[in-house]
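# Survey of secondary and tertiary structure
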Amino acid sequence: MRVTDFHFDLPEELIAQSPPPVRGTSRMLRLDRRSGEHSDDFFRNLPDILRPGDLLILNDSRVIPARLYATRVGLHTQQSSPSPSGCIEVLLTQHLGGDDWSALVRPSRKVQPGEHLHFHAANETEPLLSAEILTAGEFGERTLRFAPTPNFQAVLEKIGHMPLPPYIHRSDTSEDRDRYQTVFSHEPGSAAAPTAGLHFTPEILAQLKQNGIQIETITLHVGLGTFQPVRAQDLADIHLHAEHYTLHAATATAINAALAEGRRIIAAGTTTTRTLEHCAQLANTDPFEPHTGLRLHPHSGSTEIFISPGHKFRVVSGLLTNFHLPQSTLLMLVSAFAGREQVLAAYAHAVRERYRFFSYGDCMLLL
């Protein structure tokens, strides 16, 4: 298949630039993936739409203030300059362990291995962080090694900016610190929000539990594997970056029980879906209890899984997700779940009905 097979026309004004005034008030397009029928609804009705016994799985990764601004020092700075020069934007995309991070750097042409960057707080002369560029990759990818800092996360909270995606044409605000974060986020590490989770409120989560829906979590730290643009022309040539995940023990147990009992497993978001389907690829039928079928085991790892039409879903039987960019790997995943033509027809309806698109936009429920 071609990447262009997943194109659709989207008016610019339908791209949400801010969250809805009140969390949880988004519209929700329902799609029956068997019949292709779709209908308009609201996210607040999710507790009454799901069935008692359904297992809902959320991604509890927490977005870090991953966008930083640096000045260049060292090799390529004019030695006669009284102060560092050149403002560089750095988006941390994945913690590699220790003091090393992968990042996207812009403008990347100026920043090469061996250079050093300093990161300052506003109106302060002494840098709070410094880093050396270790390696350079394509499309602005760099590996950074930060000087050891006892309270690295605390410094990020002080000088970092929320990494709003590029289709949101404004600077981040204090409101984004709350709204570009799920209410159940727990494990810091994402460079973008798992956006399907942004709709949930404590009240809606409580209502889901009261209605008999079981809720568990996985952790996938969103990075380049989720949001890097597609540069291939054919789906066969798409290769995603690895992203770190954890399948918690309680979640593995709950999934195994739901699969054995034939209950639905609803994934909140494409990140959750990719994690669960990757774990299914690693799992085997238990040789000591073959009648139980697929069994997942708690573990941590990384996944590069790319889900496209033709994928056989082994865990996920329902999907809650936002509307995605044309020709994106996320739209390909949704199309794999419910059929390309049905999904694109639902998207065309969403455009006609003026749904709000992308991270701060409305959502879809595919069952």
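Quick summary incoming for the structure in this document. The shown structure was predicted, so the numbers you read here are calculated from the model rather than taken from an experiment. (Residues numbered from 1 in each chain as written. Predicted model: local features only at pLDDT ≥ 70, side-chain atom pairs only at ≥ 80, totals over all residues. Heavy atoms only, no water.)

Quick look at the environment of alanine 348 now. Residue placement: alanine 348 occurs in helix H9 (residues 340-352). Residue classification places alanine 348 among the partly exposed positions, given a relative accessible area of 33%. A sequence separation of 339 residues divides alanine 348 from aspartate 9, and the C-alpha atoms of the two residues are 8.3 Å apart. (Helix = DSSP H or I, 4+ residues; strand = E, 2+ residues; numbered from the N terminus. Buried < 20%, exposed > 50% of the residue type's maximum accessible area, 1.4 Å probe, protein only.)

With mixed pairing, 9 strands are arranged side by side in an open sheet as S2-S1-S17-S16-S14-S3-S12-S13-S15. The open sheet has two free edges, formed respectively by strand S2 (38-42) and strand S15 (299-303), since each of these has just one partner strand. Across the sheet, the mean angle separating the axes of adjacent strands is 25° when strand polarity is ignored. Sheet strands touched by helix H6 (residues 249-261): strand S3 (55-59), strand S12 (214-220), strand S13 (243-247) and strand S14 (265-268). Its angle to S12, the strand with the most contacts, is close to 125°. Most of the contacts of H9 go to strand S1 (residues 27-31), to which it runs at about 150°, and overall it touches S1, S2, strand S16 (318-322) and strand S17 (363-366). (Pairing = 2+ DSSP bridges. Axes fitted to C-alpha atoms, helices over the stretch in contact; angles between N-to-C directions. Contact = heavy atoms within 4.5 Å.)

What follows deals with helix H4 (residues 202-210). When we look at burial in H4, the residues that qualify are Ile204, Leu205 and Leu208. In a view along the axis of H4, the buried residues occupy a sector of 100°, so they form one face of it. Within H4, the exposed residues directed more than 90 degrees away from the buried face are Glu203, Lys209 and Gln210. Looking at the buried positions of H4, the neighbouring elements they touch are helix H1 (46-49), S3 and S12. (Arc of directions from axis to C-beta.)

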